[in-house]
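Analysis of the macromolecular model
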Amino acid sequence: MNRDNLKRLLAPRHLAFVGGRSMARALKRCAAGGYRGQMWLVNPQHAELEGVPCVASVADLPCGPDAVFVATNRELTLDTVAQLAAKGAGGAICYASGFAETGEPGAELQQQLLRAAGEMAVLGPNCYGLLDYLHGAALWPVAHGGQLVVKGVAVLTQSGNFAYNLSMSDRSLPIAYMASLGNQAQIGVAELMDVLLDEPRVTAIGLHLEGLKNVPGFAAAAHKALLKGIPIIALKTGVSQIGAQLALSHTSSLAGSDALYDALFERLGVIRVSGPVSFVETLKAAACGNLPAGNRLVALACSGGDAGLLADYAERHDLQLPALAPQARAELSQVLPSYANLVNPLDFTTAIWGDGPALQRMLDSTLSTPADAAVLVLDYPGESTGERKECDLLLQLFCEALERHGKVGFVTSAFPELLPASARERLHARGIAALQGVEDGLAAWGRVARYQRNRQTLLERGESALLPLCPQALAGEGEVLDEWQSKQALRAFGLAVPAGELSTPAAADEAAARVGYPLVLKAVSSQLPHKTEAGAVALNLANPQALQLALAQMEASIAAYAPGVAFAQVLLEPMAPAPLAELIVGIKRQNGFALALLIGAGGVLVELLQDSRSLLLPTTDAAIRAALLSLRSVGLLQGFRGRPPADLDALVAAIRAVADYACENAGQLLELDVNPLLVGPRTSVAVDALIRLAPRAGQESQQ
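Residues numbered from 1 in each chain as written. Predicted model: local features only at pLDDT ≥ 70, side-chain atom pairs only at ≥ 80, totals over all residues. Heavy atoms only, no water.

As recorded in an unreviewed UniProt entry, the protein goes by the name Acyl-CoA synthetase, listed as coming from Aquipseudomonas alcaligenes.

Some details on the packing of helix H21 (residues 621-629) against helix H22 (residues 648-664)
The interhelical angle for the contact between H21 and H22, taken along N-to-C directions, is 115°, at an axis separation of 10 Å. Classified by the angle their axes make, H21 and H22 are roughly perpendicular. Crossing handedness for the pair H21 and H22: right-handed. In this structure, H21 contributes Asp621, Ile624, Arg625, Leu628 and Leu629 to the contact, and H22 contributes Leu648, Asp649, Leu651, Val652, Ile655 and Arg656. A breakdown of the residues in the contact of H21 with H22 according to their chemical character gives 7 nonpolar, no polar and 4 charged. (Axes fitted to C-alpha atoms, helices over the stretch in contact; angles between N-to-C directions. Helix = DSSP H or I, 4+ residues; strand = E, 2+ residues; numbered from the N terminus. Parallel < 35°, antiparallel > 145°, perpendicular 65-115°, else oblique. Left-handed = near helix turned anticlockwise from the far one by under 90°. Contact = heavy atoms within 4.5 Å. Nonpolar A, V, L, I, M, F, W, Y, C, P; charged D, E, K, R; others polar.)

Some thoughts on the environment of Val273
Here Val273 is to be found in strand S14 (residues 271-273). Its relative accessible area of 5% is what places Val273 among the buried residues. With 171 residues separating them in the primary sequence, Val273 and Ala444 have C-alpha atoms 9.2 Å apart. (Buried < 20%, exposed > 50% of the residue type's maximum accessible area, 1.4 Å probe, protein only.)

Topic: the UniProt feature "domain: CoA-binding" (unreviewed entry) in the protein
As annotated in UniProt, the feature "domain: CoA-binding" (unreviewed entry) corresponds to residues 9-99 in the numbering used here. Strand forms 26% of residues 9-99 and helix 32%; the C-alpha atoms that close the span are 22 Å apart. (UniProt positions renumbered as here; feature names shortened; annotations may be inferred.)

Overview of the packing of aromatic side chains
The full count for this structure, using the stated rule, is 9 aromatic pairs. Ring geometry for Phe162 and Phe279: centres 5.9 Å apart, planes at 65°, overall edge-to-face. Here Phe162, found in helix H5 (residues 160-168), pairs with Phe279, found in helix H10 (residues 276-287); they are 117 residues apart in sequence, far enough to count as distant. Classification of Phe279 as buried rests on a relative accessible area of 0%. Here the aromatic rings of Tyr261 and Phe265 are separated by 6.0 Å at their centres, their planes lie at 55°, and the arrangement is tilted. One end of the pair is Tyr261 and the other is Phe265, both in helix H9 (residues 258-268) and 4 residues apart, which spans about a single turn. Summarising the burial analysis for this pair, Tyr261 and Phe265 share the class buried. Here a set of aromatic residues connected by ring pairs shows up, and it is made of Phe69, Tyr95, Tyr128 and Trp140. (Phe/Tyr/Trp six-rings, centres within 6.5 Å; stacked < 30°, edge-to-face > 60°.)

Listed below in structure tokens is the structure:
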């Protein structure tokens, strides 16, 4: 694809629609929606449809259109796309289904479609299309509910129905672009994001995802967004097992591991939400482009009940409510009745309701308190009451006060339906977010405030600039390295391991004398990955007699547990002192998605505690340190109950060694576990390790 052709598709000077009556109606909707460029309807069988004159063929068009909606069956779609490419068209939306989502024959047709397109941009196939509300170009097969905007958010979704319903929603979300991605044969999430981020009128990007096909491309685009300060809000489905299966069957997209999506989003500052309402409200909070510098909030309501809701939801979503400045309290005492509680959130009572001068003094006094943003809770009564003019007055005064005080702000309502469209549109026109429902509104504001606070930290951590490894699929079980081999492989990359000796049971006495007592005895075999269950570990052996007894018991235990495993090699290591903490450091491979480093509480309680963090590889030392500090068990590393703190630099270096080994061997590595990594005050030592590798390329054919 020629990138300039995608830009033509997103800012078209002319449009063409290929198809029947539905395309004639689509063309007319563009005209009614404000599109001012040239438009043509291509249909070889009719001179006109629905009052729209038809051009007989693509070849008869006066030029190659910038954007084309192709609504024909899949076979005709192939021919039409080839003709458009020959004509020099910019891009085409392919509406037809029956391609890769149907299996192998459809996948071959999809490849033919890409070959036919050449350098032309192709959205789809199997998609609803593109709504462009910056230019009024609705390349869309059915009605839609949007309108022209000066600026707004871009929404990319893999569900045409989700896009259709979002365009019809009564939430006043200013949408600049809405794209239904379909099969993403050529243009996917990454490619669209990259170009949309060059459009200054796009203030945020919303993603409704089943899965990502191009993880490195997505990461590059998301890093670009982080640099520009353009929030990305993601609603990711396929969290459940059945949901993942539906995602795979629906558009043949990779669902991947949900934990790894979390790691990817955290790395890149992507705001993840849980449902359609939080998706829309968070996009609205970001849509104006005026993000708060921090999380301090001045909050106003005209009732104690609403003020209580503000206080509760602010605390829940990490929004601080600084005390009102003394001068503000003194001024408010002159405006509000004596029973008013002069705190933040402020219940300014209904005593001054409808009193413009008093409301203005109250707003000026309250907004003089240092804070990053201000919120007003305002619920409109029904229009039939005739009581909306007082709400309109307060709304106008709040907007003006924000401008006078140079503050970012938003308005929300206790009940979503009680902030009418007229009020929402006035607020958005002034760059003030109109959020519906105080619970969803405070949650949305908390998310964008957290994004803005963390953005510079993420950039300084350096991880977002690194493209994640996206490993190819590896077949087979591979080869398991035994503990000795695994430790030596990791030791070469700088991981500290005990100073042990590999020996045989017969020569164990001589090896033990060199290692020194007390010591640890382990059976060494790639067929015993779980040695504790097999009785293949003996701890704290104090003398040769204890060693000989342990050898005899170990041989019998292994024979009972795994009769086919030979007791041929043993590892003797000095008994390690009691650690400050035990960690697990592992590598998870998700074929086609990512190679991830797992850091967590380890030892025998690893499954029970479930205290871990994942980082995609490659990563940075700063990211490893942040992951360690985010563990629930971090207190063990910081001097718990008078014990010395761990040397975090040494611990980070140990984990970095595992990460470096994984990156170097990404083409082969199937699995890696260091458990436990014993963390001490000065050093961290891997006392057990397991590595599983696939054969090197060409190795299988030689065997």
